[in-house]
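Secondary and tertiary structure notes
Here is how the chains run, residue by residue.
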Amino acid sequence: MSELKINHRLIMTPGPTMVDPRVSQAMSNQILGQFDPDFTDIMNENMVMIRKSFRTKNQWAFPIDGTSRAGNEAVIGSIVSPGDSVLVPVFGRFGDLFVELAQRAGGKVTTMSTEWGTVFDQDQIIDEINRLKPKVVAIVHGETSTGRLQPIDRLGEAVHQYGGFLVVDAVASYMGTPVEADKWQLDAVVGGAQKCLSIPSGITPITFNDRFAEEINQRKRVEQGVRTALDTNGDTFITSNYLDLTQLQDYWSPRRLNHHTEATVADYALNEGLRLALQEGLDARFARHLTVHRALNAGLDAMGLTIYHEGDHDMPMVTCVQIPTGLDGDTFRSTLLKNFGVEISSSFGSLQGKIWRIGTMGYSAQRLFVTNFVALFGAALLQAGVSIDLKAGLDATEAAFKLKTLQKTLEV
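Residues numbered from 1 in each chain as written. Predicted model: local features only at pLDDT ≥ 70, side-chain atom pairs only at ≥ 80, totals over all residues. Heavy atoms only, no water.

Here we look at the sheet that holds strand β4 (residues 108-113)
Taken in spatial order, the seven strands of this open sheet run β2-β10-β9-β8-β5-β3-β4, and their pairing is mixed. The open sheet is flanked by β2 (60-65) and β4, the only strands paired with a single partner. Recorded for the sheet is a direction-independent mean angle of 20 degrees between the axes of neighbouring strands. Relative to strand β5 (residues 136-140), strand β3 (residues 85-90) is paired through two bridges, and the arrangement is parallel. Each bridged residue has a counterpart across the sheet, and for Leu-87 the counterpart in β5 is Val-137. Packing against the sheet, helix α2 (residues 37-53) makes contact with β2 and β10 (203-208), and its axis sits at approximately 110 degrees to β2. (Pairing = 2+ DSSP bridges. Helix = DSSP H or I, 4+ residues; strand = E, 2+ residues; numbered from the N terminus. Axes fitted to C-alpha atoms, helices over the stretch in contact; angles between N-to-C directions. Contact = heavy atoms within 4.5 Å.)

This is the structure we're talking about:
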């Protein structure tokens with residue numbers, strides 16, 4: 001076996017993203033034992049920073065060891081009991097994932113759909129909540145498969161009128177645009193590591209409020225090997241052991257009840273990633289993502305490309321571009337990666353083969369990376385025989401960044 005060699009890439013996908021070198025450096029530290037006081041201090045710091053990142057005062061804010069899908073499955077599997085009514089508004093691939101997870105948990109799922117590339121008017125969802133009175137409403141905030149950002153600020157109040165719970169997949173929007181857990185009355189929210197936080201996939205920050213905790217603890221069962229006489233052992237319990245939020249509460253509390261071996265290196269990455277984000281300031285970070293998104297869009301527009309549903313609830317960290325007529329999108333992506341070292345994504349379902357998805361998330365949301373991307377992407381398109389105006393694209397990208405710099409100067 002030869003020595004591991006990783007080729008240089010400019011990753012401009014909607015996840016995974018490039019990792020800040022300071023995060024990689026933090027991950028190179030010595031491993032600590034999971035109950036070493038030095039490490040439990042890191043765990044406590046992570047919980048504090050997760051609360052700040054979700055803008056919440058929730059007691060329960062900790063990471064799940066696993067990808068974002070594990071976070072979604074932990075939340076759905078803990079709150080949905082067999083027979084529970086679950087409403088899922090679907091406007092892309094990851095709404096379908098919520099349907100899958102809720103069905104596997106035994107929920108009675110009702111869906112409502114809108115055309116991919118659009119979002120719901122919140123009144124539509126509220127009308128369905130009033131009709132169905134579901135126990136759980138599960139919705140995606142930022143749908144990367146279509147590049148849409150769904151308004152959700154009124155849904156929590158609506159579902160609470162009937163004692164229900166609002167569960168939000170904010171995997172892609174987390175740390176790139178506001179996710180207001182308390183202000184929007186979100187009962188449980190799942191963030192993402194490998195998106196706008198720009199740390200490696202494999203650890204997922206979540207938060208949930210006290211009423212959510214009270215509900216899931218009605219099905220709490222501590223596993224036999226660590227159970228004490230004071231612990232519950234009911235016949236109705238959360239079926240997953242590893243993704244049981246009630247047992248994870250004991251692990252991420254002063255009790256430190258042994259549940260799994262914590263992913264120490266992933267926690268180092270989470271700690272440094274959150275520290276860097278909070279040091280930048282959430283509002284400044286969100287503004288940076290929006291500035292970069294607009295600059296990229298300006299460049300692509302000027303090149304002569306068509307941005308899919310531009311201006312219609314765009315995610316400020318994902319740009320969807322219509323694939324030029326006559327060009328094989330997957331073949332082009334393969335060439336772009338092989339010859340130029342640049343990675344972008346295709347899409348799913350009804351948009352497969354129709355759009356490319358370009359991510360400007362976290363560490364990759366920088367002027368230099370975006371300018372380089374426009375230059376290389378344009379060159380690859382020209383080489384593929386697509387008629388575009390590369391100079392106009394570069395000029396427009398540069399002008400957008402200069403305009404933002406001038407605006408900042410005038411504000412000062």
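Section: the UniProt feature "binding site: substrate" (unreviewed entry) in the protein chain
The UniProt record annotates "binding site: substrate" (unreviewed entry) at Arg-357. With relative accessibility at 5%, the residue Arg-357 sits in the buried group. What Arg-357 contacts, discounting residues up to four positions off in sequence, is Met-12, Pro-14, Thr-144, Ser-145, Val-318, Thr-319, Cys-320, Ile-344, Ser-345, Ser-346, Ser-347 and Phe-348. (UniProt positions renumbered as here; feature names shortened; annotations may be inferred. Buried < 20%, exposed > 50% of the residue type's maximum accessible area, 1.4 Å probe, protein only.)

A closer look at the pattern of salt bridges
Summed over all chains, the structure comprises 19 salt bridges. Asp-283 is the salt-bridge partner of Arg-55, the closest N and O atoms lying 2.7 Å from each other. Of this pair, Arg-55 sits in the loop between α2 and β2 while Asp-283 sits in helix α10 (residues 282-303); the two residues are 228 residues apart in sequence, bridging distant segments of the chain. Relative accessible area serves as the criterion here: at 53%, Asp-283 is assigned to the exposed category. Overlapping salt bridges bring together Lys-220, Asp-231, Asp-250 and Arg-255 as one network. (Salt bridge = Lys/Arg side-chain N within 4 Å of Asp/Glu carboxyl O.)

Section: the environment of Lys-220
Of note, Lys-220 is situated in the loop between α7 (210-216) and α8 (245-251). Here Lys-220 falls in the buried class, since its relative accessible area comes to 16%. On a C-alpha basis, the gap between Lys-220 and Phe-237 in space is 5.7 Å, while along the polypeptide they are 17 residues apart. Beyond its immediate sequence surroundings of up to four residues, Lys-220 is in contact with Thr-232, Thr-246 and Asp-250. Among the polar contacts listed, one links the side chain of Lys-220 to the side chain of Asp-250, at a separation of 2.8 Å. (Polar contact = N/O pair within 3.5 Å; in protein donor to acceptor, adjacent residues only side chain to side chain.)

Quick look at the pairing of strand β13 (residues 355-359)
Of all five residues that make up β13, five are buried, and the element is covered over most of its length. Of the two faces of β13, the one holding Ile-355, Arg-357 and Gly-359 and the one holding Trp-356 and Ile-358 are both buried throughout. Alignment of strand β11 (residues 318-322) against β13, held across five bridges, turns out to be antiparallel. Bridging from a neighbouring strand, Val-321 pairs with Trp-356 of β13.

Notes on the side chain of Thr-56
Topologically, Thr-56 is positioned in the loop between α2 and β2. Excluding residues within four positions of it along the chain, Thr-56 makes contact with Arg-51, Ala-181, Asp-182 and Thr-207.

Details of the domain arrangement of the protein chain
Looking at the assigned domains, one finds that the protein chain contains domain 1 (21-278) and domain 2 (281-402). Distance between the C-alpha centres of domain 1 and domain 2: 30 Å. Taken together, the contacts link 30 residues of domain 1 with 26 residues of domain 2. For the pair domain 1 and domain 2, the summed buried area comes to about 2400 Å², and 61% of that belongs to carbon and sulfur atoms. Put simply, domain 1 and domain 2 have two salt bridges between them. Here domain 1 is connected to domain 2 by 15 residue pairs in polar contact (both at pLDDT 80 or more). Of all the elements in the fold, those that place two or more residues in the side of domain 1 that touches domain 2 are α2, β6 (142-143), β7 (148-149) and α9 (264-280). Each residue belonging to the side of domain 1 that touches domain 2 can be placed in one class, and the counts come to 12 nonpolar, 12 polar and six charged. (Domains from an automatic or database assignment. Buried area = accessible area lost by both parts, 1.4 Å probe. Nonpolar A, V, L, I, M, F, W, Y, C, P; charged D, E, K, R; others polar.)

Notes on the packing of aromatic side chains
All chains considered together, the criterion is met by 16 aromatic pairs. Seen from their ring centres, Tyr-251 and Trp-252 are 6.3 Å apart, and the 70 degrees between their planes marks the pair as edge-to-face. Residue classification places Tyr-251 among the buried positions, given a relative accessible area of 0%. Since its relative accessible area comes to 2%, Trp-252 is described here as buried. Aromatic rings pair up to connect Phe-35, Trp-60, Phe-62, Phe-165, Phe-208, Phe-212, Tyr-251 and Trp-252 into one cluster. Taking the ring centre of Phe-348 as reference, the NZ or CZ of Arg-93 above it sits at 4.6 Å. (Phe/Tyr/Trp six-rings, centres within 6.5 Å; stacked < 30°, edge-to-face > 60°. Lys NZ or Arg CZ within 6 Å of the ring centre and 35° of its normal.)

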